[in-house]
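For reference, the chains in residue letters:
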Amino acid sequence: MVKVPKYQKKIDGKRRELSNVEKGMIIAFFVIFGVISTVSVLAGRPWSTVKSFLNRYYKRGRTSPMIRSARSP
């Protein structure tokens, strides 16, 4: 069995991005098992997070997030 680190829960209700390691694990587990519920258990993330990440990954073809707009200097 593969030992997977537990994900950090929300702190003060704030969200956090998936790390590059978590993204790679989700993609690899999905390629191997092909079932989102199995991937979510192995990665230690909610089913909805895994599903939305995989949808974005297959739609965009990359794991990096979209460029965020910021205030101009």
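Attention here is on the structure that accompanies the text. This one's a predicted model, so the numbers in the text were calculated from it and none came from an experiment.

1. A closer look at the packing of helix H2 (residues 36-43) against helix H3 (residues 47-60)
A packed helix pair is summarised by two numbers, namely the angle formed by the two axes and the spacing between the axes.
Reasoning step 1: At a minimum axis separation of 9 Å, H2 and H3 run at an interaxial angle of 115 degrees. The angle between H2 and H3 places the two elements in the roughly perpendicular class. The interaxial crossing formed by H2 with H3 has right-handed handedness. Contact residues: Ile 36, Ser 37, Val 39 and Ser 40 in H2; Trp 47, Val 50, Lys 51 and Leu 54 in H3.
Reasoning step 2: Tallied by class, the residues present in the contact of H2 with H3 amount to five nonpolar, two polar and one charged.

2. Thoughts on the packing of aromatic side chains
Reasoning step 1: Scanning the model with the defined rule gives four aromatic pairs in all.
Reasoning step 2: Ring geometry for Phe 29 against Phe 33: centres 6.3 Å apart, planes inclined by 50 degrees, an arrangement best described as tilted. Taken as a pair, Phe 29 and Phe 33 lie in helix H1 (residues 20-33) at a separation of four residues, close to a single helical turn.
Reasoning step 3: Overall, Phe 29 belongs to the buried group, its relative accessible area being 11%.
Reasoning step 4: Phe 33 sits in the partly exposed class, given a relative accessible area of 43%.
Reasoning step 5: Here Tyr 57 and Tyr 58 contribute two aromatic rings whose centre-to-centre distance is 5.1 Å and whose plane-to-plane angle is 70 degrees, an arrangement assigned as edge-to-face.
Reasoning step 6: Residue classification places Tyr 57 among the partly exposed positions, given a relative accessible area of 22%.

The rules behind each value
Residues numbered from 1 in each chain as written. Predicted model: local features only at pLDDT ≥ 70, side-chain atom pairs only at ≥ 80, totals over all residues. Heavy atoms only, no water. Axes fitted to C-alpha atoms, helices over the stretch in contact; angles between N-to-C directions. Helix = DSSP H or I, 4+ residues; strand = E, 2+ residues; numbered from the N terminus. Parallel < 35°, antiparallel > 145°, perpendicular 65-115°, else oblique. Left-handed = near helix turned anticlockwise from the far one by under 90°. Contact = heavy atoms within 4.5 Å. Nonpolar A, V, L, I, M, F, W, Y, C, P; charged D, E, K, R; others polar. Phe/Tyr/Trp six-rings, centres within 6.5 Å; stacked < 30°, edge-to-face > 60°. Buried < 20%, exposed > 50% of the residue type's maximum accessible area, 1.4 Å probe, protein only.

These values are about where atoms sit, not about what they do.
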